[in-house]
Amino acid sequence: MKTTLSVIKADVGSVAGHTKPHPRQLEMAEEKLKDAKKQRILKSFYVTHCGDDIELIMTHDRGVDDSEIHELAFKTFSEITEKVSKPMKLYGAGQDLLLDTFSGNIKGMGPGVAEMEFEERRSDPVAVFMADKTEPGAWNLPLFKMFADPFNTAGLIIDPALHEGFKYTILDVMKNRSVVLSCPEEMYDLLALIGEPSRYVIKQIHRKSDGLISAVASTTRLSLIAGRYVGKDDPVAIVRAQHGLPAMGEVLEAFAYPHLVAGWMRGSHYGPLMPVGLRHSMVSRFDGPPRVICLGFQVSNGELIGPEDLFDDVAFDESRRIANELAYHMRRQGPFMPHRLGPEEMEYTTLPGILKKLEGRFVQE
Ligand code: 13P
Ligand code: 13P
Ligand code: MG
Ligand code: MG
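Worth saying up front: this structure is predicted, and the values here are computed from it rather than measured. (Residues numbered from 1 in each chain as written. Chains lettered and ligands numbered in written order. Predicted model: local features only at pLDDT ≥ 70, side-chain atom pairs only at ≥ 80, totals over all residues. Heavy atoms only, no water.)

Student: For the environment of cysteine 183, give the residues involved together with the corresponding values.
Tutor: Looking at the element boundaries, cysteine 183 is found in strand β7 (residues 177-183). Expressed as a C-alpha distance, the spacing of cysteine 183 and lysine 208, which sit 25 residues apart in the sequence, is 8.6 Å. Setting aside anything within four residues of it in sequence, one finds cysteine 183 in contact with Ala148, Glu164, Gly165, Phe166, Tyr168, Leu190 and Lys208. (Helix = DSSP H or I, 4+ residues; strand = E, 2+ residues; numbered from the N terminus. Contact = heavy atoms within 4.5 Å.)

Student: An account of the pairing of strand β8 (residues 200-207) is requested, with residue identities and associated values reported.
Tutor: Here seven bridges tie strand β6 (residues 166-172) to β8, and the two strands are oriented antiparallel to one another. Each residue of the ladder has a partner; that of phenylalanine 166, found in β8, is arginine 207. Relative to strand β9 (residues 213-217), β8 runs antiparallel, the two sharing three bridges. By the bridge assignment, glutamine 204 is partnered in β9 with valine 216. Between β8 and β9, which follow one another and run antiparallel, lie five residues, and glycine 211 among them has a positive phi close to 75°. (Pairing = 2+ DSSP bridges.)

Student: Tell me about the site of ligand 1, and please be specific about residues and values.
Tutor: Residues in close proximity to ligand 1 include Gln242, His243 and Ala247, which together make up its full environment. In this structure, an oxygen atom belonging to ligand 1 sits 2.5 Å away from a side-chain N or O atom of glutamine 242. Contact distances for ligand 1 include 2.6 Å between an oxygen atom and a backbone N or O atom of histidine 243. Here ligand 1 has 300 Å² of accessible area as a free molecule, and 38% of this is covered by the chains. (Near = heavy atom within 4 Å. Polar contact = N/O pair within 3.5 Å; in protein donor to acceptor, adjacent residues only side chain to side chain. Areas by Shrake-Rupley, 256 points an atom, 1.4 Å probe, with all protein chains shown as cover.)

Student: How would you summarise the coordination of the magnesium ion (ligand 3) if you had to cite specific residues and measurements?
Tutor: Within the first shell, the magnesium ion (ligand 3) binds the protein through Asp11 (OD), His18 (ND1) and Asp52 (OD), at distances of 2.0 to 2.2 Å. Here the donor residues for the magnesium ion (ligand 3) map to a single chain with the spacing D-x6-H-x33-D. Distance-wise, the magnesium ion (ligand 4) is placed 4.4 Å from the magnesium ion (ligand 3), both being coordinated by aspartate 52. In this pair, aspartate 11 sits in the loop between β1 (2-10) and α1 (23-38) while aspartate 52 sits in the loop between β2 (44-50) and β3 (53-60), placing the two residues 41 residues apart along the sequence. A single burial state applies to aspartate 11 and to aspartate 52, both of which are buried. (Donors = N, O, S within 2.8 Å, 3.2 Å for Na, K, Ca; no water. Buried < 20%, exposed > 50% of the residue type's maximum accessible area, 1.4 Å probe, protein only.)

Student: Outline the packing of helix α3 (residues 140-148) against helix α6 (residues 187-194), supporting the account with residue identities and numerical values.
Tutor: For the pair α3 and α6, the least separation of the axes is 11 Å and the interaxial angle reads 165°. Taken together, the axes of α3 and α6 are roughly antiparallel relative to one another. Read as a crossing pair, α3 and α6 show a hand that is right-handed. Within the contact between the two elements, α3 uses Asn140, Phe144 and Ala148 and α6 uses Met187, Leu190, Leu191 and Ile194. For the contact of α3 with α6, the per-class residue count stands at six nonpolar, one polar and no charged. (Axes fitted to C-alpha atoms, helices over the stretch in contact; angles between N-to-C directions. Parallel < 35°, antiparallel > 145°, perpendicular 65-115°, else oblique. Left-handed = near helix turned anticlockwise from the far one by under 90°. Nonpolar A, V, L, I, M, F, W, Y, C, P; charged D, E, K, R; others polar.)

Student: Describe in detail the side chain of serine 268, supporting the description with residues and values.
Tutor: Checked against the element boundaries, serine 268 lands in the loop between β11 (260-263) and β12 (269-272). Here the side chain of serine 268 touches arginine 266 through a polar contact of 2.7 Å, landing on its backbone oxygen. When sequence neighbours within four positions are dropped, the list of residues in contact with serine 268 reads Gly263, His339, Arg340, Leu341, Met346 and Thr349.

Student: Account for the site of ligand 2, naming residues and giving values.
Tutor: Taken together, 14 residues lie around ligand 2, and Asp11, Gln95, Lys133, Arg266 and Asp287 are the ones closest in. At a separation of 2.8 Å, an oxygen atom of ligand 2 approaches a polar side-chain atom of aspartate 11. Taking 300 Å² as the accessible area of ligand 2 by itself, protein coverage stands at 96%. Broken down by class, the residue content of the shell around ligand 2 amounts to three nonpolar, three polar and eight charged.

Student: Give a description of the coordination of the magnesium ion (ligand 4) that names residues and reports values.
Tutor: Every protein donor of the magnesium ion (ligand 4) is listed here as Asp52 (OD), Asp53 (OD), Asp132 (OD) and Asp234 (OD), and their distances to the metal cover 2.0 to 2.2 Å. Sequence spacing of the donors to the magnesium ion (ligand 4): D-D-x78-D-x101-D. Residue aspartate 53 is classed as buried on the basis of its relative accessible area, which comes to 0%. On the basis of relative accessibility, which here comes to 0%, the residue aspartate 132 falls in the buried class.

Student: For the packing of α1 against helix α2 (residues 67-85), give the residues involved together with the corresponding values.
Tutor: Between α1 and α2, whose axes approach to 10 Å, the crossing angle comes to 145°. Two packed elements cross with a definite hand, and for α1 against α2 that hand is right-handed. Along the contact surface, α1 presents Arg24, Gln25, Met28, Ala29, Lys32, Leu33 and Ala36, while α2 presents Leu72, Thr76, Glu79, Ile80, Lys83, Val84 and Ser85. Among the residues making up the contact of α1 with α2, the classes are represented as seven nonpolar, three polar and four charged.

Student: Quick one: what's the story with the sheet that holds β3, residue by residue and with numbers?
Tutor: For sheets, the rule is that strands pair by backbone hydrogen bonds, running either parallel or antiparallel. Pairing is antiparallel across the open sheet formed by four strands, whose spatial order is β2-β3-β1-β4. A strand with exactly one partner marks an edge of an open sheet, and here the two such strands are β2 and β4 (112-119). Neighbour-to-neighbour, the strand axes of the sheet open up by a mean angle of 15°, direction not taken into account. Looking at chain direction, β1 and β3 are connected through seven bridges and run antiparallel. Its bridge partner being in β3, lysine 9 is matched across the sheet by glutamate 55. Running over the sheet, α1 touches β2 and β3 and is turned about 165° from β2. Along the sheet face, α2 touches β1, β3 and β4 and points at about 150° away from the line of β3.

Below you can see the structure in the form of structure tokens.
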């Protein structure tokens, strides 16, 4: 029998700015999912948060895009908004709920979704990545490293099961179309696209030899749905590991050097993505720098065993130190590009309002 792992997340408000949820919000999510488990909608679940985003990690046997699961997540986030965030006047109450009537699928309504259905292997370790103060394209570089870069993943060279490579499904978020590229032979084509992470986003990765689903990522772009700035689309991703896939250590290694991602203050600045344990996922400095956490589980007959807080390891201290150093370097540039995002991306912020005001004062030279 197949198991579905669904990770659905939303920012529905936080305490003292865009920091972290109030414990009562997380408790309510727990209560709602516990009920759903009692009613046998869910097999297992884990509620957590990365910064100000609440993540519902759920297993069931209903497949991906199941309307009951999506409705459960939607109702959970709506109820938290109405019963906790709004009465407490939390900051950004209901921020990611752009529509208020559920119509069968939570995708396109604001919350981020990463789901995969699979036949459980003899042992199925999975990593759930969650980031705050960045966007789905932030996964492009690490997902490339994990499944295509032999300098990151030794298994691509030395394990026959990985040696054939992987197929990447890339979504063009501007035109809502996708393309499948095969690695290693189309690696340069792949990089030509995913090197522009604001537009081309890795959606799924499959093992080439047998089509095994290996990774999925959320691809929501809130601003493209809403047509205005509503916070960044803090993304989630699920990666399966070991036994014919990258080992968990190879999966995590992809985050050892904190690459620069779009997000941070007002979703308008580049900054390093810092890998941290859950207890350090709350951002403070300039609403950042952007964070990534990773919870590791075993999926066993639909049960989630774990989690392990995988970046809560002294081996990542140096990554964090480098991230802080890069953060100082980037901050020194204040409002100047390339700390500030380029004009195409600033279009989806509040900057166009300022530029419009100046329009009438320009004179022809
Ligand atoms: P598997 O091929 O069993 O995943 O072993 C690889 C490994 O664990 C190396 O760290
Ligand atoms: P979030 O997308 O995490 O809510 O952050 C929004 C923001 O503007 C931070 O400065
Ligand atoms: Mg927020
Ligand atoms: Mg957030």
